[in-house]
Amino acid sequence: MGALALARMLKVNNTLRSLNLQYNSIGDSGADALQRAIREFNTTLTTLNVSNNNLSPFVVRAINSALDANRLRQSDGDVNNPSHPSKTHSGTDSPERLSLPAITAASTSSL
């Protein structure tokens, strides 16, 4: 329930850059809601600590992919440009690269 509320917040928040959610029992459904909010709406969050939440490797990769896209947007300097192509979401995006060390997740140690 709490992760869903945070996901709704991330849809409208454009200032938060780092969020620590370790030991919060967010589960895969909560983590999936977070990654969708980051991928589709939020352009500023670049660090999300989800360690010790018993997440599946799939959802950890999805979160990392969304965060990686935000880091790329920021390195391009286009975070505040609403017309930049990186701000649009077609719904058919697939991760082009994954960088698992970018987030802290104890469950990724076996990946």
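In the block above lies the structure referred to throughout.
So, a few notes on the structure that sits alongside this text. (Residues numbered from 1 in each chain as written. Predicted model: local features only at pLDDT ≥ 70, side-chain atom pairs only at ≥ 80, totals over all residues. Heavy atoms only, no water.)

### Quick notes on the pattern of salt bridges
1) Next: Under the definition given, this model contains two salt bridges.
2) Next: The salt bridge involving D32 is made with R36; its shortest N-O contact spans 2.9 Å. Here D32 pairs with R36, and both are found in helix α2 (residues 27-40), just four residues apart, close to one helical turn.
3) Next: Here D32 falls in the partly exposed class, since its relative accessible area comes to 22%.
4) Next: R36 sits in the partly exposed class, given a relative accessible area of 43%.
5) Next: For D68, the salt bridge goes to R71, with nearest N and O atoms at 3.5 Å. Residue D68 and its partner R71 are both found in helix α3 (residues 57-76); the two are separated by three residues, about one turn of the helix. (Salt bridge = Lys/Arg side-chain N within 4 Å of Asp/Glu carboxyl O. Helix = DSSP H or I, 4+ residues; strand = E, 2+ residues; numbered from the N terminus. Buried < 20%, exposed > 50% of the residue type's maximum accessible area, 1.4 Å probe, protein only.)

### Here we look at the nonpolar core
1) Next: Ranked by size, the top nonpolar core spans 20 residues in total, and within it I26, L34, I38, L45, L48, L55 and I63 carry the most contacts.
2) Next: At the level of secondary structure, the elements contributing two or more residues to this core comprise α1 (2-12), α2 and α3.
3) Next: Contacts of I38, omitting those with residues within four sequence positions, involve L10, L45, L48, A66, L67 and N70. (Core = buried A, V, L, I, M, F, W, Y, C linked by side-chain atoms within 4.5 Å. Contact = heavy atoms within 4.5 Å.)

Structural measurements only, silent on function.
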